[in-house]
Amino acid sequence: MNISYNWLKDYLDFDLTPEETSAALTSLGLETGGVEEVETIKGGLEGLVIGEVLTCVNHPDSDHLHITTVNVGESEPLQIVCGAPNVAAGQKVVVALVGTKLYSGEESFAIKKSKIRGVESFGMICAEDEIGIGTGHAGIIVLPADAKVGTPAKEYYNIKSEYVLEVDITPNRVDGASHFGVARDLAAYLKQNKLKGTLRSPSVEKFKIDEPAGGINVKVENTEACPRYAGVTIKGVTVKESPEWLKNKLTLIGSRPINNVVDVTNFVLQELGHPLHAFDVAYIPGGEVIVKTLAEGTKFVTLDDVERSLSDKDLMICNDKEGMCIGGVFGGLKSGVTETTTDVFLECAYFNPTWIRKTARRHGLNTDASFHFERGCDPNDTIYVLKRAALLIQELAGGEITGSIQDVYPIQTPKPIVELSYERINALTGKVIDKDTVKSILDSLEITIEKESENSLTLAVPTYRVDVLRDVDVIEDILRVYGYNNIEIGDSLKSNLSYETPTDKSYDLQNLISEQLTGGGFSEIMNNSLTKEAYYTESRLFPASRCVRLINPLSADLNVMRQTLLYGGLESIAYNRNHQSPNIKFYEFGNCYFYDADKKTEGEILKEYSEEFHLGLWLSGNSINNSWCAADEKTSVYRLKAYTENILNRLGISAGKYDYAQFSDEIFSTAIDIQAKGKNKSLGVLGIVDKKLLKAMDINTEVYFAELNWDALMKEIKKHSITYTEISKFPTVKRDLALLLDKNILFDQVEKTAYKAERKLLKGISLFDVYEGKNLPEGKKSYAVNFVLQDDEKTLNDKQIDAIMQKIQKSLENELGAQLR
C-alpha cells in the first residue's frame, strides 16, 4: 500500500525523515519496502517561470503564428514565437526557458533556441497539458494579473517534494491500511521512544442535519452478511472536477481522480481505511435502500460494463426494483455518481468479511473496497467515517444534508476483553518489562485497562484491531512497540530435548529417495493439486463423486483436487514431448485428495474428506539414447519395476515382504498391484498406461507409470530396524534350471515358490532368459532361472546342493506345474 509521507503529517506532528519513518514502521511490523521521491507533476515544473507578454504581432510568413516579447524577470525580454490563438499583449503566462525539459507521458523533449519560419525563438509559452497541470490545449495558460513576473512556476503552483512509502500490509493488519492507521501506529512508536508526535484525528464536530425530512430510508434483510449499514442523503450537490489538492493526494498514491464526490469516498478510504459508496438518488426511485441477496442467476452489470451472473450468496444493495451495487465489492453501472447527479445517498457499512471474500473470488474481482472489507473493518467507526465524508462532500460539492442518518445496527459489536498477566508477558518476551512501560504502550495503542491487579490486567481492545483477541496477541503488540531490538540475548541458553517424529522420518526418507531417483537420471516435477473434473467424469477407478470440489474454482480446468498423480504427470510428458524432449524419467511427491459421502457425520465437517501422500514415477521414450558405447534402447515396464523395487528395498521393504497381483483396468493395459505380504493392503501399483488414455492426452508413445502410497509405506516400515551381519566366509554355489511353464505364470510366482521350498540356504534367484516360440507346446514358455545357494557356517557339498535343488524343483512342479526342459 502506498502511504504519502506529507499526508501522514496531516494527522501526526513528527520530525522523522522519510527514511527514518520507513525504519520506524518496519520495526512496528508495517514493513516498508522502499521510499520513493515522487513528483506530483513530472519534472516538478523545473525551468518554468511566470512571464508577462509585452508585445504580440503576427508572424509575416504565417497566418497563425505570433511574434511576442515576454518579460521573465531577466535584464532583457525574450522573443518567443507562439502559435496559440489566445496569446495577447498584457497577459501573465507560463514560460519554458531554453534548456527546460517538458514531458509528454513517458517521453520528454528539451526546449531549444530555434528559428521558426525565419524568426528566432528563445523559449515557449505553455498550455496546461504541456506542463502537466491539466489537459487543456485550446490555448496557452493565462494567469491572473497579480501573478508576479519571474516567479518559478513550481512556487506559483506550490509544487513540493513528496515521498511515498511502500508499506506491505499483512492480512491481519488491516488497521494499518490507511494513512490515519499508519499515523496511529507511528504515534505509539514516537511515544515509546520519547520523540515528538501528537496524533489528531479529523474533526466531524461541524456535522449537522440541514433538513430533518426527505432522506433515503434503509432496510437490511440480511443482517448476517451486513451486521451494520449506515447512510445519509445529501441533496443539491454540484458534481465537478476535484480541487488540485485532492487530485494531487489521490494521484500521488496511484488512485485516479474521477469527480469531487467519488474522489471524497476514495480519499476517506485512504485516510481512515473504511470504504464508502455514493449512489445517485435518481436511481433510488422508491426512496429506500434494501440490503439483501437476489435470486441465483440474476444478471447485473457492474461499473466496468461487464454483465455478471449473481449467486444467491452475493449481498446486493438494491432499490425497490433491482440491484444497484454488489455490497462491499463493486458498484453498478447505472447508479454511480456522474456530472448530472444532484442528490447523493452516501453509504458506510460493515459487511461480513467471509461473505465479501467469497463474492470477490466468485466474480474474480479485487477492489479497494473488497480488500478492506474481507480483512475486517471497524464496525464501530461507521458513523464517524460517514460524517467525515459527508462534510467533505459539502465542502467540495455543496448541498444540504437531508434527513437523519440511517443506521441499522441490531447487534452491537463489543470490544474484545483480554486477560493479561505480567508473568505471561515476561515469559513470552524473554524479558521483564516494567509495568509502567507496559501500561504506557497499551495506552498508546488505545487498549484500555478495565481492571487492574498487582499481577494482571483486564483489557478492552478497540474493535478496529481485528487481529487482537488473545493475550498473546496483546503481548505481540507490546513487543513490537517496545522494540524487538531491545530484547537482549542472554548469557545462558535454554533448550528442550527433541525426538524424531514420524513426520520427521517420512521427510528424511523422502529426501533420501529423491536423491536416489535424481542420481538415477530422474527429474522431479511438481504439478498443481488442482485439476479438471473431466479426468474423472467417466472413470470407475477414480469416480467424480469422490472428487473434492472447489466452491469458487478459478476455471473449469482447476475445479477439483486430484485423486491421483497420474494425469499431472501425463500433462508434463505431453508438454515435454511437444518441446522436443521425448525421453522422460519423472518423479513427483504430492498429496491426493478424496471425498466419501458415506463418512459424512453431523458436527464433524471434515469427516468425509481424506488425503494421502503419494510418490509417482513415469518412464517414456528411450532409456539409452545417442550413446557411443551402446545402441539406442527403449525403456520398458521392467525398468520401472526395477526402479520401484529399488525404492522399496531402500526403505527396508525387501522382496519377501510384499507380493504382486496382476491386473488391468481403465488406466493400465497391464499392471501389478504391490501388496504387503499377508495383509491384503496395497502399497502401490505399476504398469503400462492404456493407449486410449494416452491418445486422449495427445501422447503417441508408451508410458510406464508407478504410484506408491507413501503413507502406507511409512506405516509398513514403522517398526523396521536395520541389522548388520558379517560377510560369509564360505563360497556361494550357482545352479541353473530351464523350466517349462504355462504362459500365465509370473517369475514372481517362481521366486516365491523357490524361497518357500528353501528359506535358509537359497540366497538369490534371477531370471536370465525367457523363450516363447518354436518347439514349445501350445500355451507354454521357457524360463532359464539361476539359483544362488550358500551356507554361512560351512561349505556346501554336492549331496546337499542336489538335495536342495531337488526340493526346489519338486515344489515348482507341484505348485506351478513346471517341467524341466
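Relevant structure appears above.
Please read these numbers as outputs of a predicted model, since none were measured by experiment. (Residues numbered from 1 in each chain as written. Predicted model: local features only at pLDDT ≥ 70, side-chain atom pairs only at ≥ 80, totals over all residues. Heavy atoms only, no water.)

> Which residues make up the overall build of the chain, and what values go with them?
The number of helices and strands found in the chain is 20 helices and 43 strands. Its C-alpha atoms give the chain a radius of gyration of 40 Å, clearly above 28 Å, the size a compact globule of 821 residues would have. A principal-axis box enclosing the C-alpha atoms of the chain has dimensions of 130 × 85 × 65 Å. Across the 821 residues in the chain, those meeting the buried criterion constitute 47%. At a minimum sequence separation of 6, the contacts of the chain that also span at least 24 residues come to 69%. Of the roughly 42500 Å² of accessible surface on the chain, 48% is carried by carbon and sulfur atoms. Each charge class in the chain was averaged separately, 91 positive and 119 negative side chains, and the resulting centres sit 8 Å apart. (Helix = DSSP H or I, 4+ residues; strand = E, 2+ residues; numbered from the N terminus. Rg over C-alpha atoms; globule rule 2.2 N^0.38 Å. Buried < 20%, exposed > 50% of the residue type's maximum accessible area, 1.4 Å probe, protein only. Contact = heavy atoms within 4.5 Å. Areas by Shrake-Rupley, 256 points an atom, 1.4 Å probe, with all protein chains shown as cover. Lys, Arg positive; Asp, Glu negative; His and termini not counted. Charge placed at Lys NZ, Arg CZ, Asp CG, Glu CD.)

> A description of the pattern of salt bridges should follow, citing residues and the corresponding values.
Throughout the structure, instances matching the rule amount to 43 salt bridges. Of the charged contacts, one joins Arg 308 and Asp 304 as a salt bridge, the two residues approaching to 2.7 Å between their closest N and O atoms. A residue is classified by how much of its surface remains accessible, and Arg 308, at 12% relative accessible area, is buried. With its nearest N and O atoms 3.3 Å apart, the salt bridge here joins Asp 659 to Lys 677. Of the two residues, Asp 659 sits in strand S36 (residues 658-663) while Lys 677 sits in the loop between strand S37 (668-676) and strand S38 (681-689), which places them 18 residues apart along the sequence. It is possible to trace a salt-bridge network through shared partners that takes in Arg 173, Asp 175, Asp 185, Arg 465, Asp 467, Asp 477 and Arg 480. (Salt bridge = Lys/Arg side-chain N within 4 Å of Asp/Glu carboxyl O.)

> Explain the pairing of strand S15 (residues 217-220) residue by residue, including any values.
Only one face of S15 is covered, namely the one carrying Val 218 and Val 220; the face carrying Asn 217 and Lys 219 has none of its residues buried. One ladder, built from four bridges, connects S15 with strand S18 (residues 288-293); its direction is parallel. Within S18, the position partnered with Lys 219 by the bridge is Ile 290. (Pairing = 2+ DSSP bridges.)

> Could you give an account of the state of the cysteines, with specific residues and numbers?
Using the criterion set out here, one finds zero disulfides in the structure. Cys 56 takes part in no disulfide bond, and the closest cysteine sulfur to it belongs to Cys 82, at a distance of 7.4 Å. On the basis of relative accessibility, which here comes to 25%, the residue Cys 56 falls in the partly exposed class. Cys 325 takes part in no disulfide bond, and the closest cysteine sulfur, belonging to Cys 318, lies 9.4 Å away. (Disulfide = S-S within 2.5 Å.)

> Which residues make up helix H6 (residues 244-252), and what values go with them?
Those residues of H6 that fall on the buried side of the exposure criterion are Leu 246, Lys 247, Leu 250 and Leu 252. Where H6 is buried, its residues contact strand S1 (2-4), strand S3 (32-38), strand S13 (162-167), helix H7 (260-272) and helix H10 (382-397).

> Can you tell me about the packing of helix H12 (residues 435-444) against helix H13 (residues 471-482), naming the residues and giving the values?
Axis separation between H12 and H13 bottoms out at 10 Å; the angle between their running directions is 95°. Between H12 and H13, the angle is such that the two are roughly perpendicular. When H12 is examined against H13, the residues Thr 437, Val 438, Ile 441 and Leu 442 are found in contact with a partner set consisting of Val 474, Ile 478, Val 481 and Tyr 482. When the residues that make up the contact of H12 with H13 are grouped by side-chain class, the tally is seven nonpolar, one polar and no charged. (Axes fitted to C-alpha atoms, helices over the stretch in contact; angles between N-to-C directions. Parallel < 35°, antiparallel > 145°, perpendicular 65-115°, else oblique. Nonpolar A, V, L, I, M, F, W, Y, C, P; charged D, E, K, R; others polar.)

> If you had to explain unusual backbone geometry to someone new, which residues and values would you point to?
Trans is the prevailing form of peptide bonds, just as negative phi is the prevailing case for residues other than glycine. One non-glycine residue, Asn 680, lies in positive phi territory at about 50°. The class for Asn 680 is exposed, based on a relative accessible area of 67%. Positive phi, normally seen in glycine, also occurs at Asn 775, with a value near 70°. One can find Asn 775 in the loop between strand S41 (762-771) and strand S42 (780-789). Exposure remark for Asn 775: the relative accessible area of 77% places this residue in the exposed category.

> Give me the nonpolar core: which residues, what numbers.
Grouped together as the largest cluster of nonpolar side chains are 77 residues, with contacts concentrated most on Leu 186, Val 268 and Leu 346. At 10 residues, H10 tops the list of elements feeding residues into this core. Among residues more than four places away in sequence, those in contact with Leu 346 are Ala 230, Gly 231, Val 232, Thr 265, Leu 276, His 277, Ala 278, Leu 386, Ala 389, Ala 390 and Ile 393. (Core = buried A, V, L, I, M, F, W, Y, C linked by side-chain atoms within 4.5 Å.)

> Give a detailed account of empty space enclosed by the protein, specifying residues and quantitative values.
One pass over the structure, following the stated rule, counts one cavity of 30 Å³ or more. Empty space within the largest cavity amounts to approximately 50 Å³. Taken together, Asp 175, Gly 181, Arg 184, Asp 185, Ser 444, Leu 445, Tyr 464 and Arg 465 form the lining of the largest cavity. Per-element accounting of the lining of the largest cavity gives the leading share, three residues, to helix H5 (residues 179-192). Residue classes in the lining of the largest cavity are distributed as two nonpolar, two polar and four charged. (1 Å grid on protein atoms, 1.4 Å probe; cavity = no way out; pocket = protein on both sides within 12 Å on 5 of 7 lines; lining within 4 Å. Points joined across faces, edges and corners; volume = space filled by probe spheres on them.)

> Please give an account of the packing of helix H2 (residues 18-27) against H5 that cites residues and values.
For the pair H2 and H5, the least separation of the axes is 10 Å and the interaxial angle reads 90°. With respect to H5, the axis of H2 lies roughly perpendicular. For the pair H2 and H5, the contacting residues are Thr 21, Ala 24, Leu 25 and Ser 27 in the first and Val 182, Leu 186 and Tyr 189 in the second.

> I'd like a rundown of the sheet that holds S13, residues and numbers included.
Spatial strand order, S1-S13-S3: three strands in an open sheet with antiparallel pairing. A single partner strand is all that each edge strand has here, and the edge strands are S1 and S3. With direction set aside, neighbouring strand axes in the sheet form an average angle of 25°. Taken together, the six bridges between S3 and S13 define a ladder with antiparallel strand orientation.

> So, a nonpolar patch on the surface: which residues are in play, and what are the values?
A cluster of nonpolar side chains, Ile 605, Leu 606 and Tyr 609, forms an exposed patch at the surface whose accessible area comes to about 370 Å². With respect to the secondary-structure elements, Ile 605 resides in the loop between strand S32 (584-595) and strand S33 (609-620). Taking the relative accessible area as the measure of exposure, Ile 605 reaches 71% and is therefore exposed. (Patch = residues over 30% accessible without salt bridge, like charges linked within 9 Å, V, L, I, M, F, W, Y side chains within 5 Å.)

> Help me get a handle on the sheet that holds strand S28 (residues 456-460), residues and values and all.
Pairing between the strands of a sheet comes from backbone hydrogen bonds, and it takes one of two forms, parallel or antiparallel. The sheet built from three strands is open, its strands ordered S26-S28-S27 with antiparallel pairing. The open sheet terminates on both sides in strands that have one partner only, identified here as strand S26 (417-421) and strand S27 (448-452). If you compare each strand with its neighbour and ignore which way they point, the axes differ by 30° on average. Helix-sheet contacts for helix H11 (residues 422-429) involve S26, S27 and S28, and the interaxial angle to S26 is about 70°. Here H13 sits on the sheet and contacts S26 and S28; the angle it forms with S26, its principal contact strand, is near 70°.

> Lay out the packing of aromatic side chains with the relevant residues and their values.
What the rule picks out here adds up to 20 aromatic pairs. Taking 6.2 Å as the distance between ring centres and 85° as the angle between the ring planes, the aromatic pair formed by Tyr 5 and Tyr 163 counts as edge-to-face. Taken together, the residues Tyr 5 in helix H1 (residues 5-8) and Tyr 163 in strand S13 connect sequence positions 158 residues apart. Since its relative accessible area comes to 7%, Tyr 5 is described here as buried. (Phe/Tyr/Trp six-rings, centres within 6.5 Å; stacked < 30°, edge-to-face > 60°.)

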